[in-house]
Amino acid sequence: MAAIIDVQHVNKAFGGLKVINDCSIQVEKGSITGLIGPNGAGKSTLFNIIAGALPLDSGRVLLDGDDITNQPANALFHRGLLRTFQIAHEFSHMTALENLMMVPPAQSGENLFAAWFTPGLVRSEETEVRRRALEVIDFIGLHHVRNELAGNLSGGQKKLLELGRTMMTDARVVLLDEIAAGVNRTLLGDLVTNIERLNRELGYTFLVIEHDMDMIARLCDPVIVLAQGSVMVEGSIAEIQNNPEVIEAYFGAAS
Ligand SMILES: Nc1ncnc2c1ncn2[C@@H]1O[C@H](COP(=O)(O)OP(=O)(O)OP(=O)(O)O)[C@@H](O)[C@H]1O
Ligand SMILES: [Mg+2]
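Residues numbered from 1 in each chain as written. Chains lettered and ligands numbered in written order. Predicted model: local features only at pLDDT ≥ 70, side-chain atom pairs only at ≥ 80, totals over all residues. Heavy atoms only, no water.

- The protein carries the name Branched-chain amino acid transport system ATP-binding protein in an unreviewed UniProt entry, which gives Halomonas saccharevitans as its organism.

Take a look at the structure:
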């Protein structure tokens, strides 16, 4: 298996609280891998560690075979490793379209970035970023609210905008943290379709944290179950749903 993300024996504690516990996961290149687990299992913390937002205590993280342990988020961004946030973090006083235009170019876009400093190319550069932002906003189905202030969008629309931000660059790996939370059913269908298209047509690899099991079932293979900071089990959604340990962890109180 070609792992694009390879998390090896990672540990992380906050004060005395051990949150990530000898955790090892691999995300195969080209996959849409699910990451599920009860509240507080450490899913977002693991994302923060992978994406360079939080230093780990021990262990390693590899991106496409290169050690990226504790590299800062912006360096990883330029290598095509992007994430969305569990709480959307839009620029509320800018329009939806302007929010997309704010995302700095990465990878092949670096040529465009150089052009920003070349007088005379500035206009065409702005046009290029704007054109891409308009394509993205169409893709995520927010064309009709493109000129609304982002702060006025619904929770679901803000999540779509988060996904859109990852499309302004040439992403290779995208970490989605509860992108479906608060999104209505119609928008959710669009979101799932868009994730599938990005995966198939543009070769994005996704690691998806989600509590919505329908969405996980539709999108993800394999699915990794995290509990108390370690991998409990990994497999297809069918294997996960029939696993007694998982049923106990998730539904134990209900049975
Ligand atoms: N910066 C922090 N300082 C202290 N404790 C933290 C910090 N971030 C997270 N924690 C704790 O670490 C544990 C794991 O949190 P995390 O947010 O990673 O869980 P999660 O699996 O994403 O949960 P949820 O499904 O509710 O989003 C929780 O007990 C949380 O309170
Ligand atoms: Mg979380």
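## Digging into the site of ligand 1
Here is step 1: Taken together, 14 residues form the shell around ligand 1, and within it Asn39, Gly40, Lys43, Thr45 and His211 come nearest.
Here is step 2: Taking Gly40, its main chain carries an N or O atom lying 2.9 Å from an oxygen atom of ligand 1.
Here is step 3: Taking Gly42, its main chain carries an N or O atom lying 3.0 Å from an oxygen atom of ligand 1.
Here is step 4: Taken by itself ligand 1 offers 640 Å² of open surface, and the protein chains cover 60% of this.
Here is step 5: When contributions to the shell around ligand 1 are tallied by element, the ones reaching two or more residues are strand 2 (17–28) and helix 1 (43–50).
Here is step 6: Considering every element that reaches the shell around ligand 1, the biggest residue donor is helix 1, with three residues.
Here is step 7: Here the shell around ligand 1 is composed, by residue class, of five nonpolar, seven polar and two charged. (Near = heavy atom within 4 Å. Polar contact = N/O pair within 3.5 Å; in protein donor to acceptor, adjacent residues only side chain to side chain. Areas by Shrake-Rupley, 256 points an atom, 1.4 Å probe, with all protein chains shown as cover. Helix = DSSP H or I, 4+ residues; strand = E, 2+ residues; numbered from the N terminus. Nonpolar A, V, L, I, M, F, W, Y, C, P; charged D, E, K, R; others polar.)

## Some points on the pattern of salt bridges
Here is step 1: For the coordinates displayed, the defined rule picks out nine salt bridges.
Here is step 2: Of the charged contacts, one joins Arg131 and Glu128 as a salt bridge, the two residues approaching to 2.8 Å between their closest N and O atoms. One end of the pair, Arg131, and the other, Glu128, are both in helix 5 (residues 122–139), three residues apart, so they sit about a helical turn from each other.
Here is step 3: Between Glu135 and Arg131 there is a salt bridge whose closest N-O contact spans 2.4 Å. (Salt bridge = Lys/Arg side-chain N within 4 Å of Asp/Glu carboxyl O.)

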